[in-house]
Amino acid sequence: MKILVFFGKPGAGKGTQAALLKEHYNLVHISTGDLFRYNIKNKTPLGILAQSYIDGGDLVPDQVTIDMLEAEVQKNPNAAGFIFDGFPRTQAQAEALDIFLAKQNLNISATVALEASDDVLVERLLKRGETSGRSDDQDEVKIRNRFEEYKQKTAPLKSYYQQQNKFHSVDGIGTLEEISERLTQLIDSI
Ligand code: AMP
């Protein structure tokens, strides 16, 4: 089973590329950010809990996020594989994911970081904020806080996955097609 993990700073194109790759490889795409936004929109207890973190550009607590992700995987028992987009974002989440998958005799096939510079990303996010309605995309202070969260909590996952020989980095600057081509070449070679 193909299990891919996408990470990269906010605005790096994870969601867009994951949506293309899920078609290409027939995978179930799970975005924890989308799941939180769905819960916020529907005012569920999970959404109410997550909202203040997301609005401030902070990460939602690990256990809440891990439980939500595991429940979502379990809703798809017949999946041919998964793309996790925006999860894990901390070492605790990465360890929990490895344990959860191992219980089902599964493991991550590859993790891919989409790389782009902060200035390009801020510009992309502010532009997205004009149409997405996402409050966390409309304010540069919140955007910079999301980068800081990434730097402190998510970037260390690079060495976590390098130790497992599962880390790959892909240039996230270019057209949708160019980036998608880079990703499929990489994934096909794994
Ligand atoms: P995203 O759509 O991936 O940019 O996520 C939007 C927001 O949802 C993030 O800034 C976090 O507040 C929250 N979030 C999404 N995924 C996670 C995660 N794996 N761990 C903690 N918080 C998350």
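Presented here is a report on the structure given in the accompanying data block. Position labels on residues start from 1 in each chain and follow its written sequence. Under the rules for a predicted model, residues below a pLDDT of 70 receive no local features and side-chain atom pairs below 80 are neither given nor counted, while totals for whole chains, interfaces and linings still include all residues. Derived side-chain values reflect all non-hydrogen atoms in the structure, with water molecules and hydrogen atoms excluded from consideration.

**Remarks on the overall build of the protein chain**
Secondary structure elements follow DSSP: runs of H or I no shorter than four residues count as helices, runs of E no shorter than two count as strands, and numbering proceeds from the N terminus. Per the secondary structure count, the protein chain includes 9 helices and 5 strands. Along the protein chain, helices and strands appear, N-terminal first, in the series β-α-β-α-α-α-β-α-β-α-α-α-β-α. Computed over C-alpha atoms, the radius of gyration of the protein chain comes to 16 Å, within 12% of the 16 Å expected from 2.2 N^0.38 for 190 residues, which places it in the range of a compact globule. In terms of its C-alpha atoms, the protein chain occupies a principal-axis envelope of roughly 40 × 40 × 30 Å. Buried positions account for 46% of the 190 residues belonging to the protein chain. In the protein chain, once contacts between residues fewer than 6 apart in sequence are set aside, the share between residues at least 24 apart is 72%. Surface summary for the protein chain: the accessible area is close to 9,700 Å², and the carbon and sulfur share equals 49%. Within this scheme the basic residues Lys and Arg register as positive and the acidic residues Asp and Glu register as negative, but His and the chain ends are omitted. Think of each charge as sitting on NZ of Lys, CZ of Arg, CG of Asp or CD of Glu. Averaging the coordinates of the 22 positive side-chain charges in the protein chain and doing the same for the 27 negative ones gives two points 2 Å apart. With the radius of gyration taken over C-alpha atoms, the globule rule is written as 2.2 Å times the number of residues to the power 0.38. Accessible area is worked out with a 1.4 Å probe on protein chains only. A residue is then buried under 20% of its type maximum, exposed over 50%, and partly exposed in between. Between two residues, a contact is recorded if the distance between any of their heavy atoms is within 4.5 Å. Exposure was quantified through the Shrake-Rupley algorithm and a 1.4 Å probe, taking into account, for residues, occlusion by the shown protein chains and nothing else.

**Considerations on the nonpolar core**
Ranked by internal contacts, the top residues of the largest apolar core, which has 30 residues, are Phe7, Phe84, Leu97 and Tyr161. Looking at this core, the elements that each hand over two or more residues are strand 1 (2-7), helix 2 (32-41), helix 3 (45-56), helix 4 (62-74), strand 3 (81-85), helix 5 (91-103) and helix 8 (157-163). Residue contributions to this core peak at 5 residues, all from helix 5. Leaving out residues up to four positions away in the same chain, Phe7 has contacts with Lys14, Thr111, Val112, Ala113, Leu114, Tyr150, Thr154, Leu157, Lys158, Tyr161 and Phe167. We call a set of buried Ala, Val, Leu, Ile, Met, Phe, Trp, Tyr and Cys residues a nonpolar core when their side-chain atoms join them within 4.5 Å. Ala12, Leu21, Ala116 and Phe147 belong to the second-largest nonpolar core, a separate cluster that totals 22 residues.

**Notes on the site of the ligand**
Lining the immediate surroundings of the ligand are 15 residues, of which Thr32, Asp58, Gly86, Arg89 and Gln93 lie closest. In the analysis that follows, any N or O atom pair within 3.5 Å is treated as a polar contact, provided that within protein one partner can donate a hydrogen and the other can accept it, and provided that, for residues neighboring in sequence, both atoms belong to side chains. Within the side chain of Gln93, an N or O atom sits 2.9 Å from a nitrogen atom of the ligand. Interatomic distance of 3.5 Å between a side-chain N/O atom of Arg134 and an oxygen atom of the ligand. Among the residues making up the shell around the ligand, the classes are represented as 5 nonpolar, 5 polar and 5 charged. Here, proximity means that at least one heavy atom of the residue falls within 4 Å of the molecule or strand. Residue polarity follows a fixed list, in which Ala, Val, Leu, Ile, Met, Phe, Trp, Tyr, Cys and Pro are nonpolar, Asp, Glu, Lys and Arg are charged, and the others, Gly among them, are polar.

**Digging into the packing of aromatic side chains**
Here the aromatic set is Phe, Tyr and Trp, taking the six-membered ring for Trp, and pairing holds for ring centres within 6.5 Å; pairs whose planes are under 30 degrees apart are stacked, those over 60 apart are edge-to-face, and all others are tilted. This model, assessed by the stated rule, comprises 4 aromatic pairs. Their ring planes at 55° and their centres at 5.9 Å tell us that Phe7 and Phe167 sit as a pair that is tilted. A residue pair is termed long-range when its members are at least 10 positions apart, and Phe7 in strand 1 and Phe167 in strand 5 (residues 167-171) qualify at 160 residues. Take Phe7: its relative accessible area is 3%, and that puts it in the buried class. Of the residues examined, Phe167 reaches a relative accessible area of 15% and is grouped as buried. Aromatic pair Tyr160 and Tyr161: ring centres 5.0 Å apart, planes at 85°, arrangement edge-to-face. Put simply, the rings of Phe7, Tyr160, Tyr161 and Phe167 pair up and form one aromatic cluster. By definition, being over a ring means that NZ of Lys or CZ of Arg is both within 6 Å of the ring centre and within 35 degrees of the ring normal. One Lys or Arg, Lys9, reaches over the ring of Phe147 and ends 5.8 Å from the middle of that ring.

**Describing helix 3**
Spacing of three or four residues puts side chains on the same side of an α-helix, whose turn is 3.6 residues. Those residues of helix 3 lying buried are Gly47, Ala50 and Ile54. Buried residues in helix 3, looked at end-on, bunch into an arc of 75°, giving them a common side. Helix 3 presents Pro45, Ile48 and Ser52 as exposed residues on the side facing more than 90 degrees away from its buried surface. Tucked inside the fold, the buried residues of helix 3 contact helix 2. Throughout, the arc means that of the directions going from the helix axis to the C-beta atoms.

**Description of the packing of helix 6 (residues 118-132) against helix 7 (residues 140-154)**
Closest axis-to-axis distance for the helix 6/helix 7 pair is 11 Å, and the angle between their directions is 130°. Here helix 6 is positioned oblique relative to helix 7, judged by the angle of their axes. For helix 6 against helix 7, the interelement crossing comes out right-handed. On the side of helix 6, the interface is formed by Asp118, Asp119, Leu121, Val122, Leu125, Leu126 and Arg128, while helix 7 contributes Glu140, Ile143, Arg144, Arg146 and Phe147. Split by residue class, the contact of helix 6 with helix 7 holds 6 nonpolar, no polar and 6 charged. Only the contacting stretch of a helix is used when fitting its axis, a line to C-alpha atoms as for every element, and angles between N-to-C directions run 0 to 180 degrees. The scheme is simple: roughly parallel for angles under 35 degrees, roughly antiparallel for over 145, roughly perpendicular for 65 to 115, oblique for anything else. Should the near helix be turned anticlockwise from the far one by less than a right angle, the crossing is left-handed, and should it be turned clockwise, the crossing is right-handed.

Interpretation in functional terms is not warranted from these geometric data alone.
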